[in-house]
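This is what each chain is made of:
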Amino acid sequence: MAKISFARLREAVYFRLWRGLAGRKASSGSVTFCIAHFNAPDFLGVTLHAIRRHYHDARIIVADASSAWPEFCAAKSICSRYGTELHPLLDCHRHTGLLNYMFRKITTPLAVFLDQDCVLLESLDPLLQKMAEGILLAGPRDEMWITHPNACALYPKLRNGRLRINPQFVHASLMVVNIGQVRRWIGRQPFRWEPAWGPHPLERYYGFTERVRRKAPHAILDLDSQHTGYGMGTVYLHGGRPLAYHNWFSGQVYGQHGKMEGILDADWLRAEMKRFLDDYWNERVDFKLASTMREIGGRANH
């Protein structure tokens, strides 16, 4: 364990030295993509590939603070392949800390925060254009409905239920942010939940949604989601079209077996994740939604 800790410390120190010598990186274009990574380099590769299909020259920041050493090294190689900055941090940075860190590194007027397993199916330009219309934050409501027959057959007690029930907040798997408009008042740690607001809810990063809501409650654009035929994966919809696929649990299943949280089988989740990854690279993704939705999803992935 000491060897792994030393290796991570070395990476973090070398990175800070390199950043200090190289200076602040200037961003081309108008949007920066920010991804918090944890133990899922295979999915990270798909997410980066999908970004580059639509945004060839955009700056991409990947921050990693606590992946297992082999997974970190794999992520480092993948980031290099896709012209992506990997920022190695120390374990003191949890998810909310990584989001705050990346927010401070953004120099473009717009930003997209993604989970490592949130894959663009189409260009996000429709959401980016909403920023010019006064929207400050766009993203999916944080709720997970279990409705697809595949999962319901395996977990009948979960049929039409929800594993996440916080629709009043935007989930950080996909957050489009109008950086130019919020930076001047949102602070250096915008994702942190403030104690004055009461006990923090499920995710501390809900602080971002809460700050925007208190400042401009009509400037949040919520996206719908729909359960797919891949495990617990969902697609995020805008105007009835799927813009992104979110797999869920890609980092949590690392090294896990048996039941997770006493409900979901880790091996099944891992197998479903692998099935999606195989289908993506072989251009045969089928979300098995309603026919019109499936056709749109198929075109988005081919």
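Residues numbered from 1 in each chain as written. Predicted model: local features only at pLDDT ≥ 70, side-chain atom pairs only at ≥ 80, totals over all residues. Heavy atoms only, no water.

Caption draft 1: Focus on the overall build of the protein. Check the secondary structure of the protein and you find 10 helices and 13 strands. By the compact-globule yardstick of 19 Å for 302 residues, the protein fits well, its C-alpha radius of gyration being 19 Å. C-alpha extents for the protein along the principal axes are approximately 55 × 50 × 40 Å. Buried residues in the protein amount to 54% of all 302 residues. (Helix = DSSP H or I, 4+ residues; strand = E, 2+ residues; numbered from the N terminus. Rg over C-alpha atoms; globule rule 2.2 N^0.38 Å. Buried < 20%, exposed > 50% of the residue type's maximum accessible area, 1.4 Å probe, protein only.)

Caption draft 2: Representation of the pairing of strand E6 (residues 137-146) within the structure. In terms of burial, E6 is a largely internal element, eight of the 10 residues being buried. Across two bridges, the pairing between E6 and strand E8 (residues 174-177) is antiparallel. Within the sheet, the bridge partner assigned to Ala138 lies in E8 and is Val176. Strand direction decides the pairing type here: E6 and strand E9 (residues 220-227), joined by four bridges, are parallel. (Pairing = 2+ DSSP bridges.)

Caption draft 3: Examining unusual backbone geometry more closely. Phi angles above zero are rare outside glycine, and Trp248 is one such case at about 70 degrees. For Trp248, a relative accessible area of 8% corresponds to the buried category. Positive phi values are uncommon outside glycine, yet Glu283 reaches one of about 55 degrees. Relative to the assigned elements, Glu283 resides in the loop between helix H9 (266-281) and helix H10 (291-301).

Caption draft 4: Molecular detail of the environment of Ser123. Within the secondary structure, Ser123 sits in the loop between strand E5 (118-120) and helix H5 (125-131). Taking the C-alpha atoms as reference, Ser123 lies 28 Å from Gln252; in sequence the two are 129 residues apart. Not counting residues up to four positions away in its chain, the partners in contact with Ser123 are His54, Tyr55 and Leu243. A distance of 3.0 Å separates the side chain of Ser123 from the backbone nitrogen of Asp125, its partner in a polar contact. (Contact = heavy atoms within 4.5 Å. Polar contact = N/O pair within 3.5 Å; in protein donor to acceptor, adjacent residues only side chain to side chain.)

Caption draft 5: A look at the packing of aromatic side chains. On inspection of all chains with the given rule, the structure shows 18 aromatic pairs. Pairing Phe169 with Tyr206 gives two aromatic rings, centres 4.2 Å apart and planes at 5 degrees, and the pair type is stacked. Highlighted residues: Phe169 in strand E7 (residues 161-170) and Tyr206 in the loop between helix H7 (179-186) and helix H8 (207-215), separated in sequence by 37 residues. According to the relative accessible area criterion, Phe169 is buried, its value standing at 6%. Among the aromatic residues, ring-to-ring pairing joins Phe43, Tyr230, Tyr245, Phe276, Tyr280, Trp281 and Phe287 into one connected group. For the cation-ring pair, Arg183 lies above Phe103, with the distance from its terminal atom to the ring centre recorded as 5.3 Å. (Phe/Tyr/Trp six-rings, centres within 6.5 Å; stacked < 30°, edge-to-face > 60°. Lys NZ or Arg CZ within 6 Å of the ring centre and 35° of its normal.)

Caption draft 6: Quick peek at a nonpolar patch on the surface. On the surface, a nonpolar cluster with roughly 470 Å² of combined accessible area is contributed by Leu9, Val13, Tyr14, Leu17 and Leu90. Structurally, the position occupied by Val13 is in helix H1 (residues 2-22). (Patch = residues over 30% accessible without salt bridge, like charges linked within 9 Å, V, L, I, M, F, W, Y side chains within 5 Å. Areas by Shrake-Rupley, 256 points an atom, 1.4 Å probe, with all protein chains shown as cover. Salt bridge = Lys/Arg side-chain N within 4 Å of Asp/Glu carboxyl O.)

Caption draft 7: Seen up close, the pattern of salt bridges. The full count for this structure, using the stated rule, is 17 salt bridges. Notably, a salt bridge pairs Glu85 with Arg59, separated by 2.6 Å at the nearest N-O pair. One end of the pair, Glu85, is in strand E3 (residues 85-88); the other, Arg59, is in strand E2 (residues 59-64), and 26 residues separate them in sequence. Assessed through its relative accessible area of 13%, Glu85 is described here as buried. Classification of Arg59 as buried rests on a relative accessible area of 5%. Taken together, the shared-partner salt bridges in this structure form one network comprising Arg141, Glu143, Arg162 and Asp224.

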